[in-house]
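Remarks on the overall topology
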Amino acid sequence: MTVESTKPPTTAEPADDYLERRTLRRGSAGWLLLTGLGVAYVVSGDYSGWNFGLAEGGFGGLAIAMALMGLMYACMVFSLAELSSVLPTAGGGYGFARRALGPWGGFLTGTAILIEYILAPAAIAIFIGDYVESLGLFGLTSGWPVYLACFVIFIGIHLWGVGEALRFSFVVTGIAVAALLVFAVGAFMDFDASKLNDIAVDSSAFGSNSWLPMGLLGIWAAFPFGMWFFLGVEGVPLAAEETKDPARTLPRAIRWSMAILIVLALLTFFASAGARGANAIQEAGNPLVEALQPDGKATTLSRIVNYAGLAGLVASFFSLIYAGSRQLFALSRAGYLPKFLSLTSSRKAPYLGLLVPGAIGFGLAAATGDGARMLNVAVFGATISYALMSLSHIVLRRREPGLERPYRTPGGTLTSSVALVLACSALVATFLVDVTAALIALGVYVVAIAYFGFYSRKRLVARAPEEEFAALAAAEAELERG
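In this report, we go over the structure that sits alongside the text. (Residues numbered from 1 in each chain as written. Predicted model: local features only at pLDDT ≥ 70, side-chain atom pairs only at ≥ 80, totals over all residues. Heavy atoms only, no water.)

Some words on the pattern of salt bridges
Note on pairing: side chains with opposite charge can pair once their charged atoms come close. The condition is simple: A carboxyl oxygen of Asp or Glu within 4 Å of a side-chain nitrogen of Lys or Arg is what we treat as a salt bridge. Each helix is a run of DSSP H or I of at least 4 residues and each strand a run of E of at least 2, with the numbering of both proceeding from the N terminus.
In this structure the tally under the stated criterion is 6 salt bridges. The shortest N-O distance in the salt bridge between E82 and R405 comes to 2.9 Å. Pair noted here: E82 is in helix α3 (residues 53-86) and R405 is in the loop between α14 (371-399) and α15 (413-433), with a separation of 323 residues, a long-range link. In this structure, the salt-bridge partner of R373 is D434, at a minimum N-O distance of 3.2 Å. Taken together, the positions of R373 in helix α14 and D434 in the loop between α15 and α16 (435-454) put the pair 61 residues apart, joining distant regions of the chain.

Here we look at empty space enclosed by the protein
Defined as follows: Residues are said to line a cavity or pocket when one of their atoms sits within 4 Å of a point; the points come from a 1 Å grid over protein atoms alone, cavities being sets where a 1.4 Å probe fits but cannot get out and pockets being open sets with protein on both sides within 12 Å along at least five of seven lines. Grid points are joined across faces, edges and corners, and a volume is the space filled by probe spheres set on the points.
Per the stated rule, a full pass over the model turns up 3 cavities of 30 Å³ or more. Looking at the largest cavity, its volume works out to about 180 Å³. Looking at the largest cavity, it is lined by 15 residues, and the ones nearest its centre are S44, G45, I124, L231 and L375. Of all elements in the fold, only α1 (31-42), α2 (44-47), α4 (93-135) and α12 (300-333) reach the threshold of two or more residues within the lining of the largest cavity.

Some details on the side chain of S272
Basically, it comes down to this: Any N or O atom pair separated by 3.5 Å or less is treated as a polar contact, with the protein-specific requirement of one donor-capable and one acceptor-capable atom, and with residues adjacent in sequence counted only for side-chain atom pairs. It only takes one pair of heavy atoms within 4.5 Å for two residues to be counted as in contact.
On the secondary structure map, S272 appears in helix α9 (residues 246-276). Within the structure, S272 has its side chain in polar contact with the backbone oxygen of T268 (distance 2.7 Å). Not counting the four nearest positions on each side in its chain, S272 is found in contact with W50, F183, G277, I281, L288 and A291.

Brief notes about the packing of α3 against α15
Heads up, the rule is: In this analysis, axes come from line fits to C-alpha atoms, helices being fitted only over the stretch in contact, and the angle between any two N-to-C directions falls in the range 0 to 180 degrees. Roughly parallel means an angle under 35 degrees; roughly antiparallel means over 145; roughly perpendicular covers 65 to 115; every other angle is labelled oblique. In this scheme the crossing of two helices becomes right-handed for a clockwise turn of the near helix relative to the far one and left-handed for an anticlockwise turn of less than a right angle. All residues other than Ala, Val, Leu, Ile, Met, Phe, Trp, Tyr, Cys, Pro, Asp, Glu, Lys and Arg, Gly among them, are scored as polar; the first ten of these are nonpolar and the last four charged.
Contact pair α3 / α15: the axes reach a minimum separation of 8 Å and the direction vectors enclose 130 degrees. Taken as axis vectors, α3 and α15 run oblique relative to one another. Crossing handedness for the pair α3 and α15: left-handed. Note on element contacts: α15 touches α3 through T415, S416, V418, A419, L422, A423 and A426, opposite L68, M69, L71, M72, C75, M76, F78 and S79. Split into classes, the residues belonging to the contact of α3 with α15 amount to 12 nonpolar, 3 polar and no charged.

Things to note about the packing of aromatic side chains
Put simply, the rule is: Any Phe, Tyr or Trp ring, taking Trp's six-membered ring, that has another such ring centre within 6.5 Å forms a pair; planes under 30 degrees apart are called stacked, those over 60 apart edge-to-face, and the others tilted. Remark: exposure states derive from per-residue accessible area (1.4 Å probe, protein chains only) relative to the maximum for the residue type, with buried under 20%, exposed over 50%, and partly exposed in between.
Across all of its chains, the model carries 24 aromatic pairs by this definition. The interplanar angle of 15 degrees and the centroid separation of 6.3 Å between the aromatic rings of F107 and Y336 together place this pair among those described as stacked. A residue pair is termed long-range when its members are at least 10 positions apart, and F107 in helix α4 and Y336 in the loop between α12 and α13 (351-368) qualify at 229 residues. The pair F107 / Y336 is uniform in exposure class, with both members buried. Considering the side-chain rings of F151 and F317, the 5.0 Å spacing of their centres and the 75 degrees angle between planes classify their relative orientation as edge-to-face. Taken together, the residues F151 in helix α5 (residues 144-160) and F317 in helix α12 connect sequence positions 166 residues apart. The same class applies to F151 and to F317, which are both buried.

So, in structure tokens, the structure goes:
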């Protein structure tokens, strides 16, 4: 596969200054901070959202969906660990797909990731507003002032610098994880296995029973909600250019993040449903709190978990803003998106990459107030990127077997093939849950594709790291053929 010819940057600045004005702070994060970042992306999903899958598939259906989606993420992150050791750039999934699938593959992957990382913070801002209102904090109600405060405060911390931002995220995530463990201990004290399958059975559904009240199709419909226990962990490689020894650090952080998330998912899922009953929490906005209040009255533990839920939402909101800014930075630096979006400040923060997605996210949150739909749009983008990143691993293994790989995926292409099949299945499942959300995401995707096809495709920056990696691969392939 050849690399498309690229033109020099069409900016007013000297060519030699182009990358100098688009650099991140090097060596700001070690494996521990990155592990915290991986957990932070996801931890809010333990506190809310996943339980709506009970209404789609019942306890058994959601349990199987969670297991299959956990398998998909495990296979994918092992593949990403290898890819990030080979291509440690801020482009993450876009960089991997660019090397394996060419400019179109890189753009399609990067755009799908952007959809996920712009829509998810907007949704979480709404959930933060709901928590602030339910807790009666400062007499505030859920609305645009709370959403605006979230974006202004936490984008401000990111503008301060990546090291400070990751340390803040690590502390808040630690609070949220500790509260999950405390919750699990309290909830398991009231655990009753008979409560797990107390949702009414739909006798008209094929294969329905007490464990699968919505039948076999309910398992598939629950896929997007099973993803919420892990959604976002794939963002760890986006910190590559700000990491110490990325070839070793990134694989280690990715593996540890996934291991922690699997433990938290199992504890949260079984403790919540077993303490109160699957039926009681299937539509709750704060299922963990509901699980601790069988009589509807708040307890000391339920209040602690309620506040910790707010901390978990803040951790994921904060971290996803980081991930979105780095993906936008990489795509812009390489010319796939307007180049001015990749300019960095004196503190090496991509300020427009933070402010522009933040403004879009705030506008969506304030205009719609529909967090669930925005999360479904985010899931649509995520599943496309998962399929393309898994495919990238397969292609690179087969086309460039001699490529130096400091870390190698256990199981090789079989592992990434499992992730590819499950990601495609999850993509189709999004249409079962919310057709409107899937069509909205598809519409955004089509507009982005038109921009790339008609404009930016011929204006790529050959000196961007991801483009240089691809150009080097093409040159080596040409030499081998010659």
